[in-house]
Amino acid sequence: MSDLWPGERTHQVFARWVLSGVQLLLMVLIALGLLDLFYLLVRGVSSKLAAIHSVGELQHVVQHGFAGILLVLIGLELIETVRVYVHDQHVRLETVLLVAVIAVGRHILEIDLHAAGGMTLIGTASLVLALSIGYFLVGRRAPACASTARQHPPADAPEEPR
C-alpha cells in the first residue's frame, strides 16, 4: 500500500517548488502594490491637494496612505513567514501574530467611527487585546525555550567545546 505514495524526496522537492512559487507571487504582488501606492500618491497629490480644506479631510487622506503602507508590510511579513518555513520547516507563531496585529491595525485605520456600530468597535478592541496578549505571551515563552534548549541539547547534537 505504501508503494502508491511518492517518496519523501519527491514530497520535499514538490514542497520546495510550491513554496518558491508562493514567494515569487508574493514578491510580484508586493512590487505591484508598492508601484500602485506611488501612483496613487502622485495622482492624489496633484489632484486633491488643493481640495483639502480641513484637518478632517487631511486625516482621511493620510489614514488611507498609512493603510496602503501597512498592506505592503503585511506582504513582507508573509514573505518572511514562507522563508522561515522553507528554512526551518515550521511556521513561527510570533510572525503569524504580528501579521494579524498589522492587519487589524490596518482595518482600524479604515473604520469610519461615525458609521461603525458599538459592537463592531468592541469586537475590534477585543481582537486587538487578544492578539496583543498572545504576542506578549509568545514573546515571553521564546527566551525560556531557547535557554531550555541550551541546557538540554538533543541527543544527536554535537558537544560544544569547553
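See the structure above.
Everything in this summary refers to the structure shown in the same document.

As for unusual backbone geometry
Glycine aside, the phi torsion of most residues is negative, and most peptide linkages are trans. Located in the positive-phi region is Gln89, a residue other than glycine, with phi close to 60°. We classify Gln89 as exposed; its relative accessible area is 52%.

Observations concerning the packing of helix H2 (residues 55-88) against helix H3 (residues 93-110)
Here H2 crosses H3 at 165°, and the two axes come no closer than 9 Å. One way to sum up the angle between H2 and H3 is to call them roughly antiparallel. Considering only the axes of H2 and H3, their crossing is left-handed. Taking contact as the criterion, the partners of Gln63, Phe66, Ala67, Leu70, Leu71, Ile74, Glu77, Leu78 and Thr81 in H2 are, on H3, Thr95, Leu98, Val99, Ile102, Ala103, Gly105, Arg106, Leu109 and Glu110. The class makeup of the residues in the contact of H2 with H3 is 11 nonpolar, four polar and three charged.

What about H3?
Taking 1.5 Å of rise per residue, 18 residues should cover 26 Å, and H3 covers 26 Å from first to last C-alpha, within 8% of that figure. Turning to H3, its buried residues number three or more, namely Thr95, Leu97, Val99, Ile102 and Val104.

Some thoughts on helix H1 (residues 8-48)
Here H1 contains 41 residues, and its C-alpha end-to-end distance of 58 Å stays within 8% of the 60 Å for a straight helix at 1.5 Å per residue. When we look at burial in H1, the residues that qualify are Leu19, Gln23, Leu26 and Ile30. Where H1 is buried, its residues touch H2.

Points about the layout of surface pockets
Taken as a whole, the largest pocket encloses approximately 890 Å³ of empty space. Lining the largest pocket are 33 residues, with Leu37, Leu40, Leu41, His64 and Gly65 sitting closest to its centre. Among the elements of the structure, H1, H2 and H3 are those that each provide at least two residues to the lining of the largest pocket. Per-element accounting of the lining of the largest pocket gives the leading share, 15 residues, to H1. Of the residues that constitute the lining of the largest pocket, the class distribution is 20 nonpolar, eight polar and five charged.

Scoring rules and cut-offs
- Residues numbered from 1 in each chain as written.
- Predicted model: local features only at pLDDT ≥ 70, side-chain atom pairs only at ≥ 80, totals over all residues.
- Heavy atoms only, no water.
- Buried < 20%, exposed > 50% of the residue type's maximum accessible area, 1.4 Å probe, protein only.
- Axes fitted to C-alpha atoms, helices over the stretch in contact; angles between N-to-C directions.
- Helix = DSSP H or I, 4+ residues; strand = E, 2+ residues; numbered from the N terminus.
- Parallel < 35°, antiparallel > 145°, perpendicular 65-115°, else oblique.
- Left-handed = near helix turned anticlockwise from the far one by under 90°.
- Contact = heavy atoms within 4.5 Å.
- Nonpolar A, V, L, I, M, F, W, Y, C, P; charged D, E, K, R; others polar.
- Expected span 1.5 Å × (residues − 1).
- 1 Å grid on protein atoms, 1.4 Å probe; cavity = no way out; pocket = protein on both sides within 12 Å on 5 of 7 lines; lining within 4 Å.
- Points joined across faces, edges and corners; volume = space filled by probe spheres on them.

Don't take any of this as a statement about function, it's just geometry.
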